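For reference, the chains in residue letters:
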Amino acid sequence: MELIQNTPDLSAYLAADEVIDHHHPLVRKTAARLARDAADSYAYARLAFEFVRDAIPHSQDSGDTRVTWRASDVLQQGTGICYAKAHALAALLRAEDIPTAFCYQKFDVVHGLVAVRFNGAWHRQDPRGNKPGVDARFSLDGERLAFTPDPDSNELDYPVLYAEPHPAVLKVLRAAPDRPSLWKTLPTAL
């Protein structure tokens with residue numbers, strides 16, 4: 001699948017905003033701590049990915065009912081669904097000048113992940129969190145995502161790489177008072 005940037009301006013994939021608040025002190029502190037153990041930007045990207053994947057539980061898996069959507073809130077509260085975890089990872093990567101995009105897959109509902117740009121190419125990464133049957137890994141040599149769409153079941157990979165989280169995703173995250181309510185309103189398509 002060819003991944004398509006929704007904007008040709010690569011600087012858009014480094015931008016901070018209300019959601020990807022990589023200038024927030026907690027994001028900066030977390031990024032600095034991870035960067036201390038990284039020999040280069042590749043190692044940093046892997047450490048940031050593993051931190052978000054492993055240290056921030058997916059709220060559905062852990063039973064946490066809180067809904068987070070802003071990157072700094074995900075780090076502060078230590079919880080989030082796939083979209084929120086993607087926001088946190090994007091903020092950590094952008095904090096260290098690694099271009100990061102948002103991308104999505106369609107299953108029963110839309111699933112969120114990120115893509116990082118290294119050596120002139122985009123590489124999708126899924127920080128959702130592992131569990132039995134899910135083994136996502138950081139990889140620049142072939143995808144190791146949490147899920148693989150089955151086209152026979154109308155599942156698909158969306159090829160668009162967004163510089164900002166998709167508006168449909170943000171709308172449901174911001175409106176949900178808790179995760180059980182969020183589960184009833186997750187987007188089923190983009």
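What counts and what doesn't
Residues numbered from 1 in each chain as written. Predicted model: local features only at pLDDT ≥ 70, side-chain atom pairs only at ≥ 80, totals over all residues. Heavy atoms only, no water. Axes fitted to C-alpha atoms, helices over the stretch in contact; angles between N-to-C directions. Helix = DSSP H or I, 4+ residues; strand = E, 2+ residues; numbered from the N terminus. Parallel < 35°, antiparallel > 145°, perpendicular 65-115°, else oblique. Left-handed = near helix turned anticlockwise from the far one by under 90°. Contact = heavy atoms within 4.5 Å. Nonpolar A, V, L, I, M, F, W, Y, C, P; charged D, E, K, R; others polar. Salt bridge = Lys/Arg side-chain N within 4 Å of Asp/Glu carboxyl O. Buried < 20%, exposed > 50% of the residue type's maximum accessible area, 1.4 Å probe, protein only. Pairing = 2+ DSSP bridges.

1. Considering the packing of helix α1 (residues 25–36) against helix α5 (residues 82–95)
Relative to each other, α1 and α5 sit at 65 degrees, their axes nearing to 9 Å. Between α1 and α5, the angle is such that the two are roughly perpendicular. α5 is crossed by α1, and the crossing has right-handed handedness. On the side of α1, the interface is formed by V27, R28, T30, A31 and L34, while α5 contributes A91, L92 and A95. Among the residues making up the contact of α1 with α5, the classes are represented as six nonpolar, one polar and one charged.

2. Examining the pattern of salt bridges
One pass over the full model with this rule turns up twelve salt bridges. The closest approach of N and O atoms between K131 and D61, which form a salt bridge, is 3.7 Å. Remark: D61 occurs in helix α3 (residues 59–62) and K131 occurs in the loop between β4 (121–125) and β5 (156–157); sequence separation between them is 70 residues. The class for D61 is partly exposed, based on a relative accessible area of 37%. We note a salt bridge from R137 to D135, for which the minimum N-O separation is 2.8 Å.

3. Details of the sheet that holds β5
An order of β4-β3-β2-β5 is seen for the four strands of this open sheet, with the pairing classed as antiparallel. The open sheet terminates on both sides in strands that have one partner only, identified here as β4 and β5. The sheet strands contacting α5 are β2 (100–106) and β3 (110–118), and the helix crosses β3 at an angle near 15 degrees.

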